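# Examination of the molecular architecture
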Amino acid sequence: MAKQREMNWEAMFADRMRLSESGCLEFTGYCNPDGYGAITCRGIKHGAHRLSYLMTKGPIPDGCVVLHECDNPGCVNPDHLRAGEVADNVLDMEEKGRARKVVGSAHGQSKLDELDVRLIRSSKETGAALARQLGVTKSLVCRIRRGIGWSHVGESNVA
Ligand SMILES: [Zn+2]
């Protein structure tokens, strides 16, 4: 089983990363403004480092987030990733939302994750254009833009 994951991981990341001097495998695909890589899989965007963790080490434990021991957000080297308590991370709430999203994504029901929320909040696109791009309703985009609790949005409208 672990071997299977390993192979999938190679296929997924082989041409999207480069080895840095510090031993980090830096994601070379799309990265969000915070430097976290993102991979879109069947229309759903995943955090690249989270995907890397999931594919090589298995499910992220409940209440945990994937942390970079190397403090390099673009790194997808499984050896540099560990699951940690949410409290370990200053991005506490946002990470928690993202952790839930991956659970949701695993069931194929999740439409947005934290990367998308950040994209929505930072993008200059119209709500309608973003909604089309992300495959969600315009009203959801508008609500996220207005800053109405992302965790609330995630639980009741997306997950
Ligand atoms: Zn690293």
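See the structure shown above.
Residues numbered from 1 in each chain as written. Predicted model: local features only at pLDDT ≥ 70, side-chain atom pairs only at ≥ 80, totals over all residues. Heavy atoms only, no water.

## Some words on the coordination of the zinc ion
Each angle at a metal carrying four tetrahedral donors should ideally be 109.5 degrees, and each at a metal carrying six octahedral donors should ideally be 90 or 180 degrees. This is how it is decided: Distances define the donors: N, O and S atoms within 2.8 Å of the metal qualify, as do those within 3.2 Å of Na, K or Ca. Water is excluded, so some sites may look unfinished. Donor angles set the geometry label: tetrahedral for four donors if every angle is between 85 and 135 degrees, square planar for four and octahedral for six if opposite donors exceed 155 degrees and the others are between 65 and 115, irregular for anything else. To qualify as a helix, a DSSP run of H or I must reach at least 4 residues; to qualify as a strand, a run of E must reach at least 2; elements of each kind are numbered from the N terminus. Per-residue accessibility, obtained with a 1.4 Å probe over protein chains only, is compared with the maximum for each type, and a residue is labelled buried under 20%, exposed over 50%, and partly exposed between these values.
On the protein side, the zinc ion has Cys24 (SG), Cys70 (SG), Cys75 (SG) and His80 (ND1) as donor atoms, found 2.0 to 2.3 Å from it. Relative to the metal, the four donor atoms surrounding the zinc ion lie at angles of 104 to 113 degrees, and the coordination shape comes out tetrahedral. Sequence positions of the donors to the zinc ion reduce to the motif C-x45-C-x4-C-x4-H. One end of the pair, Cys24, is in the loop between β1 (17-19) and β2 (25-27); the other, His80, is in the loop between β5 (64-68) and β6 (81-85), and 56 residues separate them in sequence. Of the two residues, Cys24 and His80, both sit in the buried class.

## Focus: the packing of aromatic side chains
Aromatic ring pairs are defined here through the distance separating the ring centres and the angle between the ring planes. The criterion, for reference: Paired rings are identified among Phe, Tyr and Trp, the last through its six-membered ring, by centres lying within 6.5 Å, and are further divided according to the angle between planes into stacked (under 30 degrees), edge-to-face (over 60) and tilted (the rest).
Evaluated as defined, the whole model comprises two aromatic pairs. Consider the rings of Phe13 and Phe27, whose centres lie 6.3 Å apart with planes at 75 degrees: the pair is edge-to-face. Taken together, the positions of Phe13 in helix α1 (residues 2-13) and Phe27 in strand β2 put the pair 14 residues apart, joining distant regions of the chain. Of the two residues examined, Phe13 and Phe27, each falls in the buried class.

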